[in-house]
Amino acid sequence: MTDELALHFAHIDTGGDGSIDPTEFIALVRRLGMTRTAGLLRHMFDEIDQNGDGRISRDEFAAWWARIQHDD
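Below, the structure is looked at part by part. (Residues numbered from 1 in each chain as written. Predicted model: local features only at pLDDT ≥ 70, side-chain atom pairs only at ≥ 80, totals over all residues. Heavy atoms only, no water.)

### Observations regarding the packing of helix α2 (residues 22-31) against helix α3 (residues 38-48)
The packing of two helices is summarised by the inter-axis angle and the distance between the axes.
Part 1 of the argument: One can describe the packing of α2 onto α3 by two numbers: an axis separation of 10 Å at closest approach and a directional angle of 115 degrees. Here the hand of the crossing between α2 and α3 comes out right-handed. Across the interface between the two elements, Pro22, Phe25, Ile26, Val29 and Arg30 from α2 touch Leu41, Arg42, Met44, Phe45 and Ile48 from α3.
Part 2 of the argument: Among the residues forming the contact of α2 with α3, the class breakdown is eight nonpolar, no polar and two charged. (Axes fitted to C-alpha atoms, helices over the stretch in contact; angles between N-to-C directions. Helix = DSSP H or I, 4+ residues; strand = E, 2+ residues; numbered from the N terminus. Left-handed = near helix turned anticlockwise from the far one by under 90°. Contact = heavy atoms within 4.5 Å. Nonpolar A, V, L, I, M, F, W, Y, C, P; charged D, E, K, R; others polar.)

So, in C-alpha cells, the structure goes:
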C-alpha cells in the first residue's frame, strides 16, 4: 500500500483499529455525497470485504482501489 493510500485508509478508519467497519464505510459514502439505499451500501461493502469477516482490511482496500483505478 502506498503512503498516500495508507493515509486515505487511516482517514476512513476513524476507530483506528486497522480496518473499516460498515459504519465507517457508510460515513465515507455519505461524505462523498452518495445517497444510496442501505441495501446497496451493504452490497458495495460486501464487494470490498473479500473474506466476508465484516471488516475491510488494508489489503482488501488496496485491492479494491487498484481495481477501480484500473477500470478508469
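### Let's talk about the environment of Met34
Part 1 of the argument: Position of Met34 relative to the elements: it lies in the loop between α2 and α3.
Part 2 of the argument: The class of Met34 is partly exposed, set by a relative accessible area of 31%.
Part 3 of the argument: Note: C-alpha distance between Met34 and Ile56 (22 residues apart in sequence) is 19 Å.
Part 4 of the argument: In contact with Met34, not counting residues within four places along its chain, are Val29 and Met44. (Buried < 20%, exposed > 50% of the residue type's maximum accessible area, 1.4 Å probe, protein only.)

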